[in-house]
Amino acid sequence: MASQRYPPPPPPSPVSDRSCTDVLCLLLWLAFVLGWAAVAVFVYSQGDPDLLLHPTNSDGQPCGAPGTQVEDKPYLAYFDMTACSVAQAETVGCPTPQVCVAQCPTATYDFDTNDDCDQVLDKLICRPDIKPTKDDCKNMLDNKQCAKIVLKSVSMMDRCIPNILESDISANNKVLDHLGRETSLNVDDLRSGADGAGRFTRLQELGAGAFSDLQNSWWVIVVACVASALLSLLWTFLIRFITVILIWTAFIGLIGATIYGCVFTYLRYDQVKATSGDSTSFNPLDAFTQGFGSLLDQPEVWMAFFVILCVVAVLLLLLLLVLYKRIRVATAMLSQASRAVNSALSTLFFPLVPFALQLGVVALFLSVALYTASTGSPTYRVTMPGGCTCSSYLPNDECTPDTFEAACTSTDCLGGCAFAGYEPHPAAVYIQIYNVFALFWGLFFCSALGELILAGAFAGWYWTFDKKHDLPSLPVLSSAGRAFRYHLGTVAFGSLIIAIIRMARATLEYIQRQTKGVDNPLARGVICCCKCCLWCFEKFMRFINRNAYIVCAIYGTNFCASAKDAFSLLMRNILRVVVVNSVCEVMLLMGKLVITALVTIASFYFMEDRIPIEGLDRFVPTTQHSWVPITTVAIASFFICSVFFSVYTMAVDTIFLCFLEDIERNDGSPEKPFYMSKSLMSLLGKKNKRTSSRDLTE
């Protein structure tokens, strides 16, 4: 029995007599956004991201931060890198004074054994309040006010990391100074202190090389992206012609391969049985003692393969017989979706709008998170450098530099009270939780708004009776106008549900990470089950929301009514839903793989100069690692295909739901004509009973 809840939608567009839906959710969304703005204003006034973006010296001053005493000193230097090899360095920091410098040292100086400090005062690295002179520089070195050894360094993340090459190492494994003399510094101690610095150097070189490669080959990447967009556009156009061929070729090929497997396994069974005779007995445990290859010498194994493949072949044949008509309807549905997309090409570029909005949401989230993390006061902790003994403090105790130096007067304790970080604001945790939820809700709101607008555009195409003359000229703008005027509350409602589920998933993920070291299999199992259930629930709700937005775009109903009607309609046609979704996924996956492969392979041959065209080599950019731009091309191509095909997926879902509503509401009479194409009516054995010069067009 066809539903009679709504009158048939009048052409040439979805129902135009609408009212605002889910107003309370819209007000909640607006209040939440205003709250997020208030939080942003608060943290912007309290925080200072320079404290996090710049390295901080032992006195808590961010190196190079504007408006500070070390504004002209953007790099952080370590007095004694070998001190960083102690165990507590990972938790409380490197127990050596750390100072800001204008530039990292370009040569190695050993003031303890080789160089006279009064001759090269400008090479000394000292604490901020120390101004060395020729008369007292020796005392400053002895009192650890200045570094005794200055190492040739490179800047990494604005930190001066020793850059000791093989030519800077003596036969005695000592570091050589700027004149080639041995210093007192052992290379092994230095490497232990700067663990990972060499690896970081190679990563920095690789990053610099990759950046240079991208700069040199940027136009190749742009051309590849344009080619991906054009091929995606071509695929959406051709899909209406090749869907039938590809789907039936894949289905028949799968059945043929299964039948061939049946024949092959039976012949192999007969061959192995004739060779082995009846002397051997089958024991599955032999696979663990003689290797799994021994199983292939058993006729029983090949008989098992034969039986399994026969069962699969029979199931595929039965599936083909049962779903033959539905598969034909699904292929026709994809063809109609292709026509809808090609009739409104602006829909292919519309996803860039919600994507840009999502980028704005992410930018706001990151800025609020950064400012929130910097809203606090500096904290200092005791590091206890080697040789330092002070009964007043224990390692990792909180301290202040002045009181620590007053209590621990030994020169070995200099720098023992080091900057450890910033104590967060009391409300920082709650602000970050609010910020994370705002990220989720904002992202899902933008994507839901895009789905609703596209659904309205494609629904307008379907419910237009004469698609040659009456199609709306600006379908995307018309749909966007209806969405912004009437249905932002529905978008807020649906996105809120997904945001709550995602927040629950993130909470479980956090709990799992915090309890990772707890040896409780039951707790781990419960958390994994909950995560799995929430993942499935989110997928289900995304499916419901998507179809609810389609019904809302057609009839203008609120979220709950739209979700109920959409779910009931889909459940009454569950087999059609499964077949259409499966066929659509296969076609789009094939399109993504084919386009990405074509563009990537073409880029590879061009970048490697393997295209035999005379004179083309003059345009091949010079790169250190050709895989960098090629990999970038592959990722960008797949992303572009996904953007274009997301529109096509929305078109399929919308056209399919309209089709189901069409066959349930209408009977082909002059009062209730079918809006589907003549090909779909032919497959279903239906037709419109009236004769009109304004007939349906293919």
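The residue count restarts for each chain, going from 1 along the sequence in the order it is written. Reporting of local features is limited, given that this is a predicted model, to residues whose pLDDT is at least 70; pairs of side-chain atoms are given and counted only at 80 or more, and all residues count toward the totals for whole chains, interfaces and linings. Values shown for side chains rest on all heavy atoms present in the structure; no hydrogens or waters enter the calculation.

Undergrad: It is not clear to me how the pairing of strand E2 (residues 98-101) should be interpreted in this structure. Could you clarify?
TA: Looking down a regular strand, the side chains alternate between one sheet face and the other. Working definition: with a 1.4 Å probe on protein chains only, accessible area under 20% of the residue-type maximum means buried, over 50% means exposed, and in between means partly exposed. Where helices and strands are cited, they refer to DSSP runs of H or I of at least four residues and of E of at least two residues respectively, numbered from the N terminus. The two faces of E2 match: Gln98 and Cys100 on one face and Val99 and Val101 on the other face are all buried. Two strands are said to pair when DSSP picks up at least two bridges between them. With four bridges joining them, strand E1 (residues 75-78) and E2 adopt antiparallel strand pairing. From the neighbouring strand, Tyr78 faces E2, where its bridge partner is Gln98.

Undergrad: Where do I start with the state of the cysteines in this structure?
TA: Here, disulfide denotes a covalent bond that connects the sulfur atoms of two cysteines. In plain terms, two cysteine sulfur atoms within 2.5 Å form what is called a disulfide here. Inspection of every chain in the model, using the stated rule, returns three disulfides. A disulfide bridge connects Cys63 with Cys100, and the sulfur atoms are separated by 2.0 Å. Given an S-S torsion of about -75°, the disulfide between Cys63 and Cys100 has left-handed geometry. Of the two residues, Cys63 sits in the loop between helix H2 (50-53) and E1 while Cys100 sits in strand E2, which places them 37 residues apart along the sequence. Here Cys100 falls in the buried class, since its relative accessible area comes to 7%. The residue that forms a disulfide with Cys104 is Cys160, at a sulfur-sulfur distance of 2.1 Å. Judged by the sign of its S-S torsion, about -85°, the bond between Cys104 and Cys160 is left-handed.

Undergrad: Looking at this structure, how should I read the environment of Pro424?
TA: Along the chain, Pro424 falls in strand E11 (residues 417-424). On the basis of relative accessible area, Pro424 is assigned to the partly exposed category, the value being 48%. With 48 residues separating them along the chain, Pro424 and Gly376 place their C-alpha atoms 4.5 Å apart. Residue contacts follow a heavy-atom distance rule, with two residues in contact if any of their heavy atoms lie within 4.5 Å. For Pro424, the contacting residues outside a window of four places in its chain are Thr375 and Gly376.

Undergrad: Honestly, the pairing of strand E6 (residues 159-162) in this entry has me stumped. Any pointers?
TA: With four bridges joining them, strand E5 (residues 153-156) and E6 adopt antiparallel strand pairing. Across the sheet, the residue bridging to Val154 is Ile161, located in E6. Between the antiparallel neighbours E5 and E6 lie two residues, among them Met157 with a positive phi of about 55°.

Undergrad: Help me out: how do you make sense of the packing of aromatic side chains in this one?
TA: Any aromatic ring pair is given by two values, namely how distant the centres are and how the planes are angled relative to each other. What counts as a ring pair is set by centres within 6.5 Å for rings of Phe, Tyr and Trp (its six-membered ring), and what kind of pair is set by the plane angle: stacked under 30 degrees, edge-to-face over 60, tilted for all other angles. Under the criterion given, the structure shown has 21 aromatic pairs. Taking the centre distance of 5.8 Å and the plane angle of 80° together, the rings of Trp219 and Phe606 count as edge-to-face. Separated by 387 residues along the polypeptide, Trp219 in helix H7 (residues 218-276) and Phe606 in helix H18 (residues 574-607) bring together distant segments of the chain. Taking the relative accessible area as the measure of exposure, Trp219 reaches 33% and is therefore partly exposed. On the basis of an interplanar angle of 90° and a centroid distance of 5.7 Å, the ring pair of Phe604 and Tyr605 is categorised as edge-to-face. Given the relative accessible area of 39%, Tyr605 is considered partly exposed. Taken together, the ring pairs connect Trp29, Phe32, Tyr434, Phe437, Trp441 and Phe445 into an aromatic cluster.

Undergrad: Any chance you could explain the nonpolar core here in plain terms?
TA: Generally speaking, soluble globular proteins have nonpolar side chains that are buried together. We call a set of buried residues a nonpolar core when its members are Ala, Val, Leu, Ile, Met, Phe, Trp, Tyr or Cys and they connect through side-chain atoms within 4.5 Å of each other. The biggest cluster of nonpolar side chains holds 115 residues, and the ones touching the most others in it are Trp441, Tyr462, Tyr648, Phe656, Phe659 and Met676. If one sorts the elements of this core by residue count, helix H13 (residues 428-462) sits on top with 20 residues. Apart from residues lying up to four places away in sequence, Tyr648 is in contact with Ile239, Leu334, Ser335, Ala337, Ser338, Val341 and Leu588. Core analysis: the second largest hydrophobic core is formed by 20 residues, Ala77, Ala107, Leu141 and Val150 among them.

Undergrad: Would you explain unusual backbone geometry in this entry?
TA: Generally, phi is negative for residues other than glycine and the peptide bonds are trans, each holding for most cases. Its identity is not glycine, yet Asp22 carries a phi of approximately 50°, on the positive side. Tracing the sequence through the fold places Asp22 in the segment before helix H1 (23-46). Assessed through its relative accessible area of 15%, Asp22 is described here as buried. Positive phi, close to 65°, is recorded for Asn173, a residue that is not glycine. Summarising the element assignment, Asn173 is placed in the loop between E6 and strand E7 (174-176). Residue classification places Asn173 among the partly exposed positions, given a relative accessible area of 24%.

Undergrad: Got a minute to help me understand a negative patch on the surface in this structure?
TA: The patches described consist of residues with a relative accessible area above 30% and no salt bridge, like charges being joined within 9 Å and nonpolar side chains (Val, Leu, Ile, Met, Phe, Trp, Tyr) within 5 Å. Note on areas: Shrake-Rupley with a 1.4 Å probe; residue coverage comes only from the protein chains shown. Every case where a carboxyl oxygen of Asp or Glu lies within 4 Å of a side-chain nitrogen of Lys or Arg is listed as a salt bridge. Residues counted as positive are Lys and Arg, residues counted as negative are Asp and Glu, and His and the chain ends are not counted. Each charge is placed at NZ for Lys, CZ for Arg, CG for Asp and CD for Glu. Together, Glu608, Asp609, Glu614 and Asp617 give the surface a local cluster of negative charge. Inspection of the secondary structure assignment puts Asp617 in the loop between H18 and helix H19 (627-665).

Undergrad: Explain the pattern of salt bridges to me, please; I cannot follow it from the model alone.
TA: Note that side chains of opposite charge can pair when their charged atoms are close. According to the stated counting rule, one finds ten salt bridges in the structure shown. Across the salt bridge formed by Glu509 and Lys531, the nearest N and O atoms sit 2.8 Å from each other. With a gap of 22 residues between them, Glu509 in helix H15 (residues 488-514) and Lys531 in helix H16 (residues 521-555) connect regions that are remote in the sequence. Accessibility expressed as a relative area gives 28% for Glu509, which makes it partly exposed. In this structure, the salt-bridge partner of Arg572 is Glu664, at a minimum N-O distance of 2.7 Å. With Arg572 in the loop between helix H17 (559-571) and H18 and Glu664 in helix H19, this residue pair connects regions lying 92 residues apart in the sequence.

Undergrad: Explain the confidence of the model for the chain to me, please; I cannot follow it from the model alone.
TA: Reading fine detail from the predicted coordinates is not recommended where pLDDT is low. One number per residue, pLDDT, summarises how confident the predictor is, and it ranges from 0 to 100. Taken residue by residue, the chain gives an average pLDDT of 79. The fraction at 70 or more is 83%. Per-element mean pLDDT across the chain ranges from 42 in helix H3 (residues 89-92) up to 94 in H1. Note that residues 86-92 has pLDDT below 50 and, in this model, nine contacts with residues that lie over four places away or in other chains.

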